[in-house]
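Structure at a glance
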2 protein chains.
Amino acid sequence: MRTGRVTVLAGGVGAARFLRGLLRVHRPADVTAIVNVSDDFTLHGLHISPDLDTVTYTLAEQINTETGWGRADETWRVLTELGRLGGQDWFQLGDLDLALHLFRTQRRSEGATLSEVTSEIAASFGLELRLLPVSDDPIQTRITPAEPADASEIDFQDYFVAQRHGIAVRSVRFAGIDAAQPAPGVLDALSTADVIVAPSNPFVSIGPVVGVPTIRDTLARRRDSVAAVSPIVGGASIKGPAGAMMRDLGHEPSVVGIARLYVEFAGTLVIDNADRDLADAVADAGMTPVVTDSIMSSPERAAALARTTLEAVSGQ
Amino acid sequence: MRTGRVTVLAGGVGAARFLRGLLRVHRPADVTAIVNVSDDFTLHGLHISPDLDTVTYTLAEQINTETGWGRADETWRVLTELGRLGGQDWFQLGDLDLALHLFRTQRRSEGATLSEVTSEIAASFGLELRLLPVSDDPIQTRITPAEPADASEIDFQDYFVAQRHGIAVRSVRFAGIDAAQPAPGVLDALSTADVIVAPSNPFVSIGPVVGVPTIRDTLARRRDSVAAVSPIVGGASIKGPAGAMMRDLGHEPSVVGIARLYVEFAGTLVIDNADRDLADAVADAGMTPVVTDSIMSSPERAAALARTTLEAVSGQ
């Protein structure tokens, strides 16, 4: 098992699977995950942190493996009754999942920061890595649909869940990001460790992490110690709307497009064998390409991907 | 079945049972219940209205008949998991019950008033009476324990649930009550109907209803049309801490003590056969006594009590 400090920038499902692989080949106590919070939202009065929860449930082996989100062995007593009452039941909140949101909301109402609650939750679930929200300050993803021409901004969950990310996107912004301070430990974890950008959506998962000004500056100074895993394989995203968003927002939906997005803060891009023909173009875009099997169809394959990425970023 | 407008001032369990009896003998569409909200509190980010919920569940025949509060056929998936996470699980929130709190909290976050949400909930549960919170403004019961001498104020739920009302009380006050406006419909329901004060705790259920200044003034002008059912029988409360609180706060724990508390806003006091010897003392205290069987050990007995009370207040 490898050792040494490693920090992973993470969104939800893809990052969670990558981290699960990483923890099989690297000492968990040496790993820090810095997780996107711009999808966080309040529903029914509850503070919901989708990416933090997906990472937590996945690493605790309590994820619903069919959906990739939510808890295994979940039940739906509350949501079913809420629907009967005429309440909003478009966001699937299972009973076990709800308990976590109640816990987070109560602790925050008592004055705990999101990082403090996240640390408590990670301990409850027996996680051995360090899990940090990117910021304790609010960062909120806002999406402007492409149609109609005068469409108003909508919240991320409205786009992602209610609309099932089935609409074209004109623009994405992160309200609050310029004023957001990195959570305690974030800059330190980025300054002294090998850094991996997990295969997450570049716009709505990685964007609102690297878009925090001090984080961007820190990474830019250390780009030789930063390797990203491409979320795009064969011109499409493995999961979710990353590919479609790249097209919508005027980027080439390929590993080359990813390289152009990441080149300022990451030196290495891990791409799939399917994209080996684009390795030279990735290099031309300014990133060192590493070609491997990047499809995480099993924990073993995720572990192999993590090992290759670690070797690329650490130079050994 | 009787008809004509009747308005009931209500707390939780005792009032709910009285109302269930009343609706057996009086046309439900003519009945308004004005319910105490000073026990309302926020936990896990959720707006919880214990008295409104107890009345709703009881009248919908969905109450847990063993406890007198909470839902029948309840499950505890969320609370069990919350306890595992180290969360606050001292307030028993079942899965079905939680759905209602989620609904209320979400609707209020959308701008609905408590009365509006209460009306929606009553419709969902198929209630035929009109259910009104006493106010849409916050009224919060604060209890000062008798011991130690320098004890600080505590919240009502801390006293009632966490401490199981097992401590002596030095004083009770209702934060916000002087500024509270009656909810829409409340003053009208008190101005034109026969009014019944349900057998609820005089200090922490009825007190924070009749203590709203405009309500107190309205009732005082109509005391001949107001009948109260004593919550004290044989010198003790049927349920809960009313008897102990009367002693703690320097009142005689008897129907006479109740008469002295209610005389300014109610003309008639319905007392139990067990207290028939105190009828003259009730009259001396300024209220017209009506002696009957007031123990609501079954819905039929509650219905008989309601009928007697209606006859007393309407004069027929």
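Residues numbered from 1 in each chain as written. Chains lettered and ligands numbered in written order. Predicted model: local features only at pLDDT ≥ 70, side-chain atom pairs only at ≥ 80, totals over all residues.

**Examining helix H9 (residues 213–221) of chain A**
Residue and element names in this part refer to chain A. For H9, the full list of buried residues reads Ile215, Thr218 and Leu219. Across the axial projection of H9, the buried residues extend over an arc of 95°, all falling on one side. Across from the buried face of H9, at angles greater than 90 degrees, the exposed residues are Asp217 and Arg221. (Buried ≥ 20, exposed ≤ 12 C-beta atoms within 10 Å, placed from the backbone. Helix = DSSP H or I, 4+ residues; strand = E, 2+ residues; numbered from the N terminus. Arc of directions from axis to C-beta.)

**Considerations on the sheet that holds strand S14 (residues 288–292) of chain B**
Residue and element names in this part refer to chain B. Here we have 7 strands laid out as an open sheet, ordered S5-S2-S1-S9-S10-S13-S14, and parallel in their pairing. Looking at strand neighbours, the two that pair on one side only are strand S5 (130–133) and S14, the edges of this open sheet. Each strand of the sheet is rotated relative to its neighbour by a mean of 25°, with strand direction disregarded. In this sheet, S14 lies alongside strand S13 (residues 268–272) in parallel orientation, the contact comprising 5 bridges. Among the inter-strand pairings, Ile271 is bridged to a residue of S14, identified as Val291. (Pairing = 2+ DSSP bridges. Axes fitted to C-alpha atoms, helices over the stretch in contact; angles between N-to-C directions.)

**Some details on the interface of chain A and chain B**
Accessible area lost on assembly of the parts is the figure often given for the size of an interface. If you look at the interface, chain A gives 27 residues, while chain B gives 26 residues. Of all elements in the fold, only strand S4 (46–48), helix H3 (77–84), helix H4 (95–109) and helix H5 (114–124) of chain A reach the threshold of two or more residues within the side of chain A that touches chain B. Residues of the side of chain A that touches chain B, tallied by class, amount to 12 nonpolar, 11 polar and 4 charged. (Contact = placed C-beta atoms within 7 Å. Nonpolar A, V, L, I, M, F, W, Y, C, P; charged D, E, K, R; others polar.)

**Considerations on the sheet that holds strand S10 (residues 226–229) of chain A**
All names here are of chain A. Taken in spatial order, the 7 strands of this open sheet run S5-S2-S1-S9-S10-S13-S14, and their pairing is parallel. The two strands at the open ends of the sheet, each matched to only one other strand, are strand S5 (130–133) and strand S14 (288–292). On average, each strand axis in the sheet is inclined to that of its neighbour by 25°, with strand direction left out of account. Pairing of strand S2 (residues 31–35) with S5 involves 4 bridges; the strand directions are parallel.

**A closer look at the relation of the copies chain A and chain B**
Taken together, a rotation about one axis and a shift along it account for how the two chain copies relate. With an RMSD of 0.0 Å, the fit of chain A onto chain B corresponds to turning through 180° and sliding 0.0 Å along the axis. In short, the pair behaves as if placed about a two-fold rotation axis. Taking the C-alpha atom as reference, chain A places A:Gly45 closest to the rotation axis, 2.7 Å from it. A symmetric contact is evident, with 96% of the interface residues of chain A recurring at the interface of chain B. (Least-squares fit on C-alpha atoms with pLDDT ≥ 70 in both.)

**Focus: helix H13 (residues 299–314) of chain B**
All names here are of chain B. For H13, built from 16 residues, the straight-helix expectation of 22 Å at 1.5 Å per residue is met to within 8% by its first-to-last C-alpha distance of 22 Å. Looking at H13, one finds that the buried residues are Ala302, Leu305, Ala306, Thr309, Ala312 and Val313. Down the axis of H13, the buried side of the element spans an arc of 125°, and every buried residue falls inside it. Among the structural elements, helix H1 (13–25), strand S9 (194–197), strand S10 (226–229), S13 and S14 are those in contact with the buried residues of H13. Looking one or two residues past H13, Gly315 carries a phi angle of roughly 75°, positive in sign. (Expected span 1.5 Å × (residues − 1).)

**So, the domain arrangement of chain A**
All names here are of chain A. Domain parsing of chain A yields domain 1 (6–137 + 178–314) and domain 2 (140–175). Here domain 1 and domain 2 have C-alpha centroids that lie 20 Å from each other. At the interface, 14 residues of domain 1 touch 13 residues of domain 2. For the side of domain 1 that touches domain 2, the elements supplying multiple residues, two or more each, are helix H8 (202–210) and helix H10 (242–248). The biggest single contributor to the side of domain 1 that touches domain 2 is H8, with 3 residues. Residues that form the side of domain 1 that touches domain 2 fall into these classes: 9 nonpolar, 3 polar and 2 charged. (Domains from an automatic or database assignment.)

**A look at the pairing of strand S9 (residues 194–197) of chain A**
Residue and element names in this part refer to chain A. Side chains Asp194 and Ile196 of S9 all project onto a buried face; the interleaved residues Val195 and Val197 project onto the opposite face, where all are buried too. Sheet topology note: the strand S1 (residues 6–10)/S9 ladder contains 4 bridges and is parallel. Residue pairing across strands places Val8 opposite Ile196, the latter belonging to S9. Pairing between S9 and S10: 3 bridges, direction parallel. Bridge pairing links Ile196 to Ala227 in S10.

**Quick notes on the packing of H4(A) against helix H3 (residues 77–84) of chain B**
Put simply, H4(A) and H3(B) touch, their axes get as near as 8 Å, and they point 50° apart. The orientation of H4(A) with respect to H3(B), classified from their angle, is oblique. Two packed elements cross with a definite hand, and for H4(A) against H3(B) that hand is right-handed. Here A:Asp95, A:Leu96, A:Leu98, A:Ala99, A:Leu102 and A:Phe103 of H4(A) lie close against H3(B), whose contacting residues are B:Arg77, B:Val78, B:Glu81 and B:Leu82. Of the residues belonging to the contact of H4(A) with H3(B), the class tally is 7 nonpolar, no polar and 3 charged. (Parallel < 35°, antiparallel > 145°, perpendicular 65-115°, else oblique. Left-handed = near helix turned anticlockwise from the far one by under 90°.)

**Some thoughts on the environment of A:Leu98**
Structurally, A:Leu98 can be placed in helix H4. For A:Leu98, a count of 28 C-beta atoms within 10 Å puts it in the buried group. Considered as a pair, A:Leu98 and A:Ile48 are 50 residues apart in the sequence and their alpha carbons are 9.0 Å apart. The residues touching A:Leu98, leaving out its near neighbours within four places in the chain, are A:Val78, A:Leu93 and B:Val78.

**Let's talk about unusual backbone geometry**
All names here are of chain A. Of note, the bond from Glu147 into Pro148 is cis; its omega dihedral lies within 30 degrees of zero at -10°. With respect to the helices, strands and loops of the structure, Pro148 is situated in the loop between strand S6 (140–145) and strand S7 (154–155). In this model, Asp73 sits at a positive phi of 50°, which is unusual for a non-glycine residue. Checked against the element boundaries, Asp73 lands in the loop between helix H2 (50–59) and H3.

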